[in-house]
Amino acid sequence: MARYSRTEGTIALITLSNPPVNALGAAVRRTITDIMHRALTDGEVKAVVLCGENGTFCAGADIREFGKPPSGPALVPLIHDMEASEKPVVAAIEGVALGGGLEIALGCHYRIAHAKARLGFPEVMLGLIPGAGGSQRLPRLIGIPAALELITTGRLVSAQEALKLGIVDQVVDGNTIETAVKFALNVIGVCRPLLSRRLSERTPAFSVDAAAVLEEGMARVKQRARGAFAPVVCVQALRAAATLPYSRGMETEEQLINMLIDSSQARALQYCFFAQRNARKWSLPSGARWNNSKPRAVHRVGVVGLGTMGRGITVSLVKAGISVVAVEMEEKQMDLGMRAVLGMLERDAQRRGDTRPPTHLLTFTLSLQQLGNVDLVIEAVFEDMALKKRLFTELCNVCKPSTLLCTNTSGLDVDALAVVTHRRSLVVGMHFFAPANVMKLLEVVCGPHSSAEAVATAMTLGKRLGKVGVVVGNCPGFVGNRMMKLYLDQAYFLLEEGAAPEQVDQVLEEFGFTMGIFKVSDLSGLDVGWRVRKASGLIGPDVNPKTPSRWRQGCRYSPLPDLLCEQGHLGQKSGRGWYLYETPGGKEPKPDPAMHRFLQEYRSRYGLTPRHVHAHEVIERCTYAMANEGFRILEEGIAARAEDIDVIYVFGYGWPRHRGGPMFHAAQVGLATVLQRLEHYHQLHPDVPHLQPSPLLQRLVEAGSPPVHHWREHVQHLHSHL
Ligand SMILES: CCCCCCCCCCCCC/C=C/C(=O)SCCNC(=O)CCNC(=O)[C@H](O)C(C)(C)COP(=O)(O)OP(=O)(O)OC[C@H]1O[C@@H](n2cnc3c(N)ncnc32)[C@H](O)[C@@H]1OP(=O)(O)O
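Residues numbered from 1 in each chain as written. Predicted model: local features only at pLDDT ≥ 70, side-chain atom pairs only at ≥ 80, totals over all residues.

Draft legend 1. Quick peek at the pairing of strand E15 (residues 427-432). The buried count for E15 comes to six of six residues, which makes it a mostly enclosed element. In E15, alternate side chains face the same way, and those of Val427, Gly429 and His431 on one face and Val428, Met430 and Phe432 on the other are all buried. In terms of strand pairing, strand E14 (residues 404-407) meets E15 through three bridges, oriented parallel. Looking at E15, one finds that Leu405 is bridged to Val427. Bridge count between E15 and strand E16 (residues 441-446): four bridges; the pairing is antiparallel. Note that in E16 the partner of His431 across the bridge is Glu443. (Buried ≥ 20, exposed ≤ 12 C-beta atoms within 10 Å, placed from the backbone. Helix = DSSP H or I, 4+ residues; strand = E, 2+ residues; numbered from the N terminus. Pairing = 2+ DSSP bridges.)

If you want it as structure tokens, here you go:
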């Protein structure tokens, strides 16, 4: 928990010891409070050095304790006693000093950091504010503007930046604890400077500038927060720091943290924190798991296809220091792709203040033969099964027998590709999201043939690229796009029934989505879905001409997006889609009067009487339809946990993190309510079978709506896939 020792005769060394990250759980707080008291009252001790075991100072409060009844001593009095002490207290920061860890460090009189240390207040990402004095001490140390930026974004800073900002006093390359002990010996008995080191005794100058900074900060934060409370409350806490004496500021901080600590948003964000980490802990029906499966070493990767996805994937790999052989079939395409990749790397290097992008890691070629020596190939060619099958057959002949073959398909059958190869166990899906060098999500799709080694390798590679990998089973659209289809269907149906694209989008954005569904559709291009619908026989020559236009494969179908595509309205790229753009390629969507006329004509053609669609109906139909499909996905074993589905939606589809994800949201609304609303909508729309509540949802409600992490126990035939 925490250890006490004496060094150099007069220095008390207090070492936090709570692996893996020295989180400040109740037992740690109790021990540290006791031994700090011992050090501060022991007449032989002249100074204290506070450090963490195993190269980590402290990652803050134990997040698992939030939401449970409080136990153990609070942090605020401990920090206060330490700061008020007449003995210098020096923090020796290695690894991280985050949240409560940084608050403890700010209560110390001096801070020495290792060059590789990172510091910050990430509480806002957990739906909180720095609630143990951090919101009051940091602005007194570094000023309002810098504190505002750090606290409202949760951004971590390097030791070097912390030194520039004045958060730490010294940065060391060598032994941080030895340096801190020497430092402590030097400041023993130096009284006046100690007084000035107590941050609570400083007054932040509240200039007119600071008032303007806070006002601007509030406006910026409100605009970016998409309905999240914590960033807004962070600004309120900083305003208290700027305008109130320290003790009153602390009272405000306490009121604000108490308001947030039990909020549904804090619960959702803390759920996301653990869900993201649990997603790494995959397992397969064979018993292979993340911690018993060895990944292969990957030094050299082949990327086939230099379209939008291939370019992003190539950039991601090169930025992670991996050699890439990028293959295109046509010279013109290769030229375009090469220029785009080099441009992206150049811009990225400039942003980081690096003059030389790592282009030496890149080879561009028109020949698949150059893939003979790569460890792994990521195929990113056109979404066409026949083409992919031909490519995989060829790759088998060209690549060494141990090369893993991965497909970046967004929904085609990975098993069907595996069976055309002589190395089925080495085939997995690596589904990146556009733009692949920016988006964090990676669906790793494994089929019945995929080996544990292949899954482990794809997941490890994803981690090296900074992605959040989630292992999913093989089915059309996998997890993300399979659920997205139902979300889109509901959005189209809402238009048929009377809504306008901008109205649906506004409601979704107010709910917290990064972008409304119709804006997303315009951005990705309406032709993407059009091709998928053609390939899956929903449109095209295979459809019986007698089939009504609004009916496909036994259920309601909306031809609205197909009609737009037929008119050449493909979204941003054509200057017109669900919205109107100034020019082809324009980025600013404007409601389109022609779209409104088109929808009116469409409705009268099919005898649909438009009605007013309420905001709550938009949210319920879109999000409950998604969650309902999520339950089916769980039941089929396509996702191992509800948390995995939520991670996919938060990191890949712009789902608001402060609402946890579609499955967590359903739990927060109440499963019984979701079930009842789905029954209601299914009664109104019996031609939409996906609105019929899934059996798993019904069983969970019968079982009294257990919490999300118990849902798996109610899945029948567990291990069918994952
Ligand atoms: C004092 C609390 C009392 C509670 C009662 C309420 C009182 C109300 C007053 C509240 C005042 C509190 C003031 C303080 C608030 C805080 O400090 S909030 C926490 C702020 N800190 C963070 O957000 C840090 C979160 N952690 C990370 O960012 C990263 O984990 C890391 C430290 C940078 C390490 O990253 P990496 O090396 O990639 O490892 P990970 O896989 O992420 O983590 C390893 C395992 O450690 C677990 N973990 C990490 N941090 C915490 C944590 N703070 N609490 C609990 N557990 C943590 C993580 O889940 C991993 O676990 P496993 O998956 O099981 O391996």
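Draft legend 2. A look at unusual backbone geometry. With an omega dihedral of 5°, the bond running from Pro19 to Pro20 counts as a cis peptide bond. For Pro20, the position within the fold is in the loop between strand E2 (11-16) and helix H1 (26-41). Look at the link from Ala434 to Pro435: it is a cis peptide, with omega at -10°. At Gln553, a residue that is not glycine, the phi angle is positive and equals roughly 45°. Here Gln553 shows up in the loop between strand E18 (551-552) and strand E19 (555-556).

Draft legend 3. View of the UniProt feature "domain: 3-hydroxyacyl-CoA dehydrogenase NAD binding" (unreviewed entry) in the protein. As annotated in UniProt, the feature "domain: 3-hydroxyacyl-CoA dehydrogenase NAD binding" (unreviewed entry) corresponds to residues 301-474 in the numbering used here. Helix makes up 37% of residues 301-474 and strand 22%, and the two end C-alpha atoms of the span are 23 Å apart. (UniProt positions renumbered as here; feature names shortened; annotations may be inferred.)

Draft legend 4. Local environment of the nonpolar core. Val49, Val90, Ile93, Leu238, Val428, Val444 and Val455 are the most contacted members of the largest nonpolar core, which totals 213 residues. Ranked by residue count, the leading element in this core is helix H18 (residues 480-497), at ten residues. The contact partners of Val428, leaving out residues within four places of it in the chain, are Cys406, Val414, Val444, Val445, Cys446, Ser450, Ala454, Val455 and Ala458. (Core = buried A, V, L, I, M, F, W, Y, C linked by C-beta atoms within 7 Å. Contact = placed C-beta atoms within 7 Å.)

Draft legend 5. Spotlight on the packing of H1 against helix H2 (residues 75-84). For the pair H1 and H2, interaxial distance at closest approach is 11 Å and the crossing angle is 20°. Of the possible angle classes, the one that applies to H1 and H2 is roughly parallel. Crossing geometry of H1 relative to H2 is assigned as left-handed. Note on element contacts: H2 touches H1 through Leu75, Leu78, Asp81 and Met82, opposite Arg29, Ile32, Thr33, Met36 and Leu40. Among the residues making up the contact of H1 with H2, the classes are represented as six nonpolar, one polar and two charged. (Axes fitted to C-alpha atoms, helices over the stretch in contact; angles between N-to-C directions. Parallel < 35°, antiparallel > 145°, perpendicular 65-115°, else oblique. Left-handed = near helix turned anticlockwise from the far one by under 90°. Nonpolar A, V, L, I, M, F, W, Y, C, P; charged D, E, K, R; others polar.)

Draft legend 6. Spatial organisation of helix H11 (residues 246-261). If you check H11, its first and last C-alpha atoms are 22 Å apart, about what 16 residues at 1.5 Å a residue would give, namely 22 Å. Buried within H11 we find Tyr246, Gly249, Met250, Glu253, Leu256 and Leu260. All buried residues of H11 lie within an arc of 125° about the axis, which places them on one face of the element. The outward face of H11, more than 90 degrees from its buried face, is lined by the exposed residues Ser247, Arg248, Glu251, Gln255 and Asn258. Residues of H11 that are buried in the fold lie against helix H4 (134-142), helix H10 (230-243) and helix H12 (264-278). (Expected span 1.5 Å × (residues − 1). Arc of directions from axis to C-beta.)

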